[in-house]
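Now for the letters of each chain:
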Amino acid sequence: MSTSSSLKAAILSVVLLGAFLGAWQLAVGGTGSSQAMDPEYAALMGATSKGASAMPTPLDIGKEMWRHISDPFYDKGPNDKGIGIQLGYSLARVLLGYLIAAIVAIPLGFVIGMSPLFYRALDPYIQVLKPISPLAWMPLALYTIKDSSISAIFVIFICSIWPMLLNTAFGVAAVRKDWLNVAKTLEVGRLRTAIRVILPAAAPTIMTGMRISIAIAWLVIVAAEMLVGGTGVGYFVWNEWNNLSITNVICAILFIGLVGMALDQVLYRLSKLVTYAE
Amino acid sequence: MDLNTLITVEGLARSFPAPKGGGNVTVFDELWFDVAKGEFVCLIGHSGCGKSTLLNILAGIDKPSGGVVIVDGKEITGPSLDRAVVFQGHALMPWMSVMANIAFAVTSRWPKWSAAKVREHCQHYIDMVNLTGAEDKKPAQLSGGMRQRVGIARALAIEPRIMLMDEPFSALDALTRGSLQDEVVSICTKTRQTTFMITHDIDEAILLADRILLMTNGPEARVAEIVVNTLPKGRVRNELHKHPNYYAMRNHLLDFLVSRSEDLRGMVEGVDPKHPPMVFPKAGDGGPQPTLAASRT
Ligand SMILES: Nc1ncnc2c1ncn2[C@@H]1O[C@H](COP(=O)(O)OP(=O)(O)OP(=O)(O)O)[C@@H](O)[C@H]1O
Ligand SMILES: [Mg+2]
């Protein structure tokens, strides 16, 4: 039953993809014209897009994707690095900022969740800081930190901290009273209660926060790298846009999506490990 | 004080802030009773009269608004491994296996024990409640009765001086409840475990209890009377109804639950809360005790 319905879904997915690619190919292939363009612009386009249209066909994208995949790690100077290297830079920044955020957010969330006093004292700050777009921090980060790469990491840190902090605090505060009472009647110390009872009880909620955070961090890194430049997949997109290589921009978009999905899958697997059925 | 007394409850009261603001709601006050070593005491009362609240105070999880609980001559100030609790809703940790749930309690009691010794000790109690083979299952994979048994094994495994049980069988079907009651009877007679148990099942109280405390309805609930079980020890569930005193016991308790728990609410004047009347329902008594009939006027 479920295997046949998931097979059906898979077939439908492929059909939709085929229809989409077909429509794209028809819309772009051969019909477009560069006549309406500004002559200078058209000349520029002609140099890169070798065809009748600025918009590449799915086939062009496929070829370009294959080129990227078959040689992802080449390095020919600052403006020409393989997509693998660029993604690697972005991933390293995201993971570093995210890990630091987790190291700060989870213990702090624990304290907030366990102490209503702390919760009320910190709540106004959290409410103000949470809705700030992480990119708004960028100038301040660049000014104080000076290093653009570390600034990007700081922005990742700032945007990933809130979901983890709030979910940890919520998960810890919502631990069932019964379980805490069991620990109390067994005269279990505070630290052991935190590790053996509260942490596993709150783990699924904490993991949900971590999943939200990694998704936000991956969204933000592209924008941050467009601003700071130098390396990373965000810079790559911006650089290819300046080269007017729409093909490469689309390739990069696809890679960003794939890596984002992979990150989410990894955290999904991890969260499966800590969920429990009641 | 009687040398044999293990728990003494003196003038215990508990009130909560009223939900609509302004003043307090007194769940119960002026509770006086005691429990002897090796005794099995049941507490019967209607839902909401404060039974769980009382048990939490005995466990040390909750603090009374007035009065004291004395265990072994000392006033209690908090929870203790000497008093194990079987909670109303089993309260097993769902992320731990059966073995790990019990081992968590055992290592809390004996932190220096080796892993092998803890395992062996846990296994003994898992076998005792007939859960052999379910050691590695998670609570979600167990039936309600099995979960409740793990809760009992966890409480027994720390070898407490006192077992406090909050309606441990109320969520179970009659058949499972019966077999678990039999297990508790055999364990408690074997180990002479001092037990304080809440129930609202009359037959359960008659089977298990040496004495039964009857609590009036709240708010301001009291211990209305103490019923001494007139059926001799060594009671067997299937033989219970054959004893001549059984119906006297049963009718007395039933009558209390159906009508008198409400009539006696707020307690009648002229009855000293420190010495609730003791009754011994026997065959041929015919209805409620004369002493109480007098006190109801
Ligand atoms: N934390 C609390 N705050 C306010 N009121 C409470 C609190 N805990 C219990 N109560 C009130 O105290 C009364 C007694 O509650 P308790 O849980 O002790 O009842 P119970 O006799 O165990 O009932 P049941 O048989 O349904 O388990 C109830 O009226 C309840 O509303
Ligand atoms: Mg209760």
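Reading guide: rules and limits
Residues numbered from 1 in each chain as written. Chains lettered and ligands numbered in written order. Predicted model: local features only at pLDDT ≥ 70, side-chain atom pairs only at ≥ 80, totals over all residues. Heavy atoms only, no water. Contact = heavy atoms within 4.5 Å. Buried area = accessible area lost by both parts, 1.4 Å probe. Salt bridge = Lys/Arg side-chain N within 4 Å of Asp/Glu carboxyl O. Polar contact = N/O pair within 3.5 Å; in protein donor to acceptor, adjacent residues only side chain to side chain. Helix = DSSP H or I, 4+ residues; strand = E, 2+ residues; numbered from the N terminus. Near = heavy atom within 4 Å. Areas by Shrake-Rupley, 256 points an atom, 1.4 Å probe, with all protein chains shown as cover. Nonpolar A, V, L, I, M, F, W, Y, C, P; charged D, E, K, R; others polar. Pairing = 2+ DSSP bridges. Donors = N, O, S within 2.8 Å, 3.2 Å for Na, K, Ca; no water. Buried < 20%, exposed > 50% of the residue type's maximum accessible area, 1.4 Å probe, protein only. pLDDT = per-residue confidence, 0-100. Axes fitted to C-alpha atoms, helices over the stretch in contact; angles between N-to-C directions. Expected span 1.5 Å × (residues − 1). Arc of directions from axis to C-beta. Phe/Tyr/Trp six-rings, centres within 6.5 Å; stacked < 30°, edge-to-face > 60°. Lys NZ or Arg CZ within 6 Å of the ring centre and 35° of its normal.

Student: Talk me through the interface of chain A and chain B; I want residue IDs and the actual numbers.
Tutor: With 18 residues of chain A at the contact, the number on the chain B side is 22 residues. Approximately 1,800 Å² of surface area, both sides summed, lies buried where chain A meets chain B, with 70% of it carried by carbon and sulfur atoms. Per-residue buried area on chain A facing chain B is highest for Val-182, Thr-185 and Leu-186 of chain A; these three make up 32% of the total on that side. Across the chain A-chain B interface, the total number found is zero salt bridges. Where chain A meets chain B, there are five residue pairs in polar contact (both at pLDDT 80 or more). Mapped by element, the contributors of at least two residues to the side of chain A that touches chain B are helix 8 (177–185) and helix 9 (190–228) of chain A.

Student: Give me the lowdown on the site of ligand 1, citing residues and values where you can.
Tutor: All names here are of chain B. Contacts to ligand 1 come from Phe-16, Val-27, His-46, Ser-47, Gly-48, Cys-49, Gly-50, Lys-51, Ser-52, Thr-53, Gln-88 and Glu-167. Take Gly-48: an N or O atom from its main chain is 2.8 Å from an oxygen atom of ligand 1. Take Gln-88: an N or O atom from its side chain is 3.0 Å from an oxygen atom of ligand 1. Protein contacts shield 57% of the accessible area of ligand 1, which totals 640 Å² for the unbound molecule. Ranked by residues supplied to the shell around ligand 1, first place goes to helix 1 (residues 51–59) with three residues. Within the shell around ligand 1, the residues separate by chemical class into three nonpolar, seven polar and two charged.

Student: Residue-level account of the pairing of strand 2 (residues 24–36) of chain B, with values.
Tutor: Residues and elements named next belong to chain B. Across nine bridges, strand 1 (residues 5–17) lies against strand 2 in antiparallel orientation. By the bridge assignment, Thr-8 is partnered in strand 2 with Asp-34. Between strand 1 and strand 2, which pair antiparallel and follow one another directly, the connecting turn spans six residues, one of which, Gly-21, has a positive phi of 80°.

Student: So what's going on with the coordination of the magnesium ion (ligand 2)? Residues and values would help.
Tutor: Metal coordination angles in their ideal form are 109.5 degrees for the four-donor tetrahedron and 90 or 180 degrees for the six-donor octahedron. Residues and elements named next belong to chain B. Around the magnesium ion (ligand 2), the donor atoms from the protein are Ser-52 (OG) and Gln-88 (OE1), and they sit 1.8 to 2.5 Å away. Taken together, the residues Ser-52 in helix 1 and Gln-88 in the loop between strand 6 (83–86) and helix 2 (98–109) connect sequence positions 36 residues apart. Looking at Gln-88, the relative accessible area reads 38%, which means it is partly exposed.

Student: Explain the confidence of the model for chain B to me, using residue names and the numbers behind them.
Tutor: With 92% of its residues at a pLDDT of 70 or more, chain B has an overall mean of 87. Across the predicted assembly, pTM comes out at 0.84 and ipTM at 0.87.

Student: Run through the sheet that holds strand 2 of chain B, naming residues and quoting values.
Tutor: Residue and element names in this part refer to chain B. Read across the open sheet, the four strands follow the order 2-1-4-5; overall the sheet is antiparallel. Each having just a single partner strand, strand 2 and strand 5 (74–75) make up the two edges of the open sheet. Along the sheet, helix 1 contacts strand 1, strand 2 and strand 4 (66–71); its crossing angle with strand 1, the most-contacted strand, is approximately 125°.

Student: Break down the pattern of salt bridges for me, with residues and values.
Tutor: Residue and element names in this part refer to chain B. Scanning the entire structure with this criterion turns up 19 salt bridges over all chains. A salt bridge links Asp-34 to Arg-211; the nearest nitrogen and oxygen atoms lie 3.6 Å apart. Residue Asp-34 is found in strand 2, and its partner Arg-211 is found in strand 9 (residues 211–215); the two are separated by 177 residues along the sequence. For Asp-34, a relative accessible area of 32% gives the class partly exposed. For the salt bridge of Asp-203 with Arg-250, the shortest nitrogen-to-oxygen distance reads 3.4 Å. Highlighted residues: Asp-203 in helix 6 (residues 202–208) and Arg-250 in helix 7 (residues 246–263), separated in sequence by 47 residues. With relative accessibility at 30%, the residue Asp-203 sits in the partly exposed group.

Student: Would you mind going over the side chain of Glu-225 of chain B in detail, with residue names and values included?
Tutor: Inspection of the secondary structure assignment puts Glu-225 of chain B in strand 10 (residues 223–228). A distance of 2.4 Å separates polar atoms of two side chains, one belonging to Glu-225 of chain B and the other to His-252 of chain B.

Student: Give me helix 3 (residues 58–70) of chain A: which residues, what numbers.
Tutor: All names here are of chain A. Here helix 3 spans 18 Å end to end across 13 residues, near enough to the 18 Å set by a 1.5 Å rise per residue. The complete set of buried residues in helix 3 reads Pro-58, Ile-61, Glu-64, Met-65 and His-68. Along the axis of helix 3, the buried residues cluster in a sector spanning 125°; they form a single face. Opposite its buried face, helix 3 presents the exposed residues Leu-59, Lys-63 and Trp-66, each directed more than 90 degrees away. On its buried side, helix 3 packs onto helix 1 (2–28), helix 4 (83–114), helix 10 (233–242) and helix 11 (246–274).

Student: Outline the packing of aromatic side chains, supporting the account with residue identities and numerical values.
Tutor: Counted by the stated rule, this structure contains nine aromatic pairs over all chains. Between Phe-20 of chain A and Trp-24 of chain A, the aromatic rings sit 5.9 Å apart at their centres with planes inclined by 55°, giving tilted as the arrangement. In this pair, Phe-20 of chain A and Trp-24 of chain A are both assigned in helix 1, four residues apart and thus about one turn of the helix distant. By relative accessible area, Trp-24 of chain A is classed as buried at 17%. Relative to Phe-196 of chain B, the ring of Phe-33 of chain B has its centre 5.7 Å away and its plane inclined at 5°; by these criteria the two rings are stacked. Here Phe-33 of chain B, found in strand 2, pairs with Phe-196 of chain B, found in strand 8 (residues 194–199); they are 163 residues apart in sequence, far enough to count as distant. The exposure class assigned to Phe-33 of chain B is buried, which follows from its relative accessible area of 6%. Since its relative accessible area comes to 0%, Phe-196 of chain B is described here as buried. In textbook terms, an aromatic cluster arises when at least three aromatic residues are bridged by ring pairs, as seen for Trp-137, Phe-154 and Phe-157 of chain A. Taking NZ or CZ as reference, Lys-76 of chain A lies 4.8 Å from the ring centre of Tyr-74 of chain A, over its face. A cation sits over an aromatic face here: Lys-117 of chain B above Trp-113 of chain B, 4.3 Å from the ring centre.

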